[in-house]
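Coordinates in review
Single-letter residue listing:
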Amino acid sequence: MSLREKNKARTRSAIVDAAKMLAKEGQWDAVTTRQIADAAGVSYQTLYNYYPAKAAILREMLLEVYVGPGPAINDVVKHYAGDLLDTLGKINQIRFQSFSREDIKWLLTLGTNFAKLDQYGEATSLIETVDRAGDGYYYSALSTAKGMGHMQDDVDIQLMAHTIYGMTNTTLDRFILNRTNVQTQLHTLRQQIEQLVRPYLID
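Residues numbered from 1 in each chain as written. Predicted model: local features only at pLDDT ≥ 70, side-chain atom pairs only at ≥ 80, totals over all residues. Heavy atoms only, no water.

One can describe the packing of helix α6 (residues 84-98) onto helix α10 (residues 157-178) by two numbers: an axis separation of 11 Å at closest approach and a directional angle of 40 degrees. By crossing handedness, the relation of α6 to α10 is classed as right-handed. Counted together, L88, N92, R95 and F96 of α6 and I164, Y165, T168, N169, T171, L172 and F175 of α10 form the full contact between these two elements. A per-class count over the contact of α6 with α10 returns six nonpolar, four polar and one charged. (Axes fitted to C-alpha atoms, helices over the stretch in contact; angles between N-to-C directions. Helix = DSSP H or I, 4+ residues; strand = E, 2+ residues; numbered from the N terminus. Left-handed = near helix turned anticlockwise from the far one by under 90°. Contact = heavy atoms within 4.5 Å. Nonpolar A, V, L, I, M, F, W, Y, C, P; charged D, E, K, R; others polar.)

Next up, the structure:
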């Protein structure tokens, strides 16, 4: 790594560390990027060059601690044994576990109601921002089930996967923001997904 790259890494680290400190001291909504720059010992312009919006700093904080569930979910789909609802339930269990660690939950609660992350509206949910797989987990499971003849031929699995993804993210939002019981949320989510999926299953 060149000296310039090392300096950039140090600056990024200083900004993120300062943001963490300020977030723990008070209300994240009240923290300004100028305050973060001052606490990091950098100019406002320098901070802006690295992170043009406060949400970008929050994303960086999340990415430091987030461990994606991809390998574990791929393993569940690979070992699909004919029960689609059970497979979807396992996928959601893994996703919830990946967002259940206290450091992740603390950071996610900083994004009030997961509304617009920045003035450009480039993302709608912190969960979606961090977990880049989108509805791919669900599409993979549905595709496997359909390919094995467990779902009706005329079902639009792309639309269904997207719907399940949206339902799950809404439930994850509620779980993180309200710190509700994970098993209660998973049970309710399973019931909702079953209502959506069961009419298209072939017994």
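A word on the nonpolar core. Among the nonpolar cores identified, the biggest contains 59 residues, and I15, I36, L84, L88, I91, M151 and V197 are the most heavily contacted of them. For I91, the residues in contact, after removing those within four places along its chain, are I73, V76, V77, Y137, Y138 and A141. (Core = buried A, V, L, I, M, F, W, Y, C linked by side-chain atoms within 4.5 Å. Buried < 20%, exposed > 50% of the residue type's maximum accessible area, 1.4 Å probe, protein only.)

Our focus in this paragraph is the side chain of T33. The residue T33 is located in helix α2 (residues 33-40) in this model. Other than its neighbours up to four places away in sequence, T33 contacts Y44, L47 and K54.

Now for the side chain of D135. Among the secondary structure elements, D135 is positioned in the loop between α8 (126-130) and α9 (136-147). With near-sequence residues (within four places) excluded, D135 lies in contact with Q158, A161, H162 and Y165.

With that settled, consider the packing of helix α5 (residues 70-78) against α6. Contact geometry for α5 and α6: axes closest at 10 Å, N-to-C directions at 170 degrees. Taken together, the axis directions place α5 and α6 in an arrangement best described as roughly antiparallel. Across from A72, I73, V76 and V77 in α5, the residues of α6 making contact are T87, K90, I91, I94 and R95. (Parallel < 35°, antiparallel > 145°, perpendicular 65-115°, else oblique.)

Of the residues in the protein, 92% reach a pLDDT of 70 or more, and the chain-wide mean stands at 86. Across the protein, element-level confidence peaks in α9 with a mean pLDDT of 96 and bottoms out in α8 with 73. (pLDDT = per-residue confidence, 0-100.)

If you walk through the whole model with that rule in mind, you get four salt bridges. Salt-bridge contacts for K90 lead to D86; the nearest nitrogen and oxygen are separated by 3.3 Å. One end of the pair, K90, and the other, D86, are both in helix α6, four residues apart, so they sit about a helical turn from each other. The exposure class assigned to D86 is partly exposed, which follows from its relative accessible area of 27%. The partner of D131 in a salt bridge is R95, with the nearest N and O atoms 3.3 Å apart. Of this pair, D131 sits in the loop between α8 and α9 while R95 sits in helix α6, placing them 36 residues apart in sequence. We classify D131 as buried; its relative accessible area is 3%. (Salt bridge = Lys/Arg side-chain N within 4 Å of Asp/Glu carboxyl O.)

A few words now on helix α11 (residues 182-197). In this model α11 runs 22 Å from its N-terminal to its C-terminal C-alpha over 16 residues, within 8% of the 22 Å that 1.5 Å per residue would give. Residues of α11 that are buried include every one of Q185, L186, L189, I193 and V197, and no others. Relative to the axis of α11, the buried residues are bounded by an arc of 95 degrees and lie together on one face. Exposed side chains of α11 directed beyond 90 degrees from the buried face belong to H187 and Q195. Along its buried surface, α11 packs onto α6 and α10. Where α11 starts, the residue carrying a side-chain oxygen 2.9 Å from the main-chain nitrogen of Q183 turns out to be N181. (Expected span 1.5 Å × (residues − 1). Arc of directions from axis to C-beta. Polar contact = N/O pair within 3.5 Å; in protein donor to acceptor, adjacent residues only side chain to side chain.)

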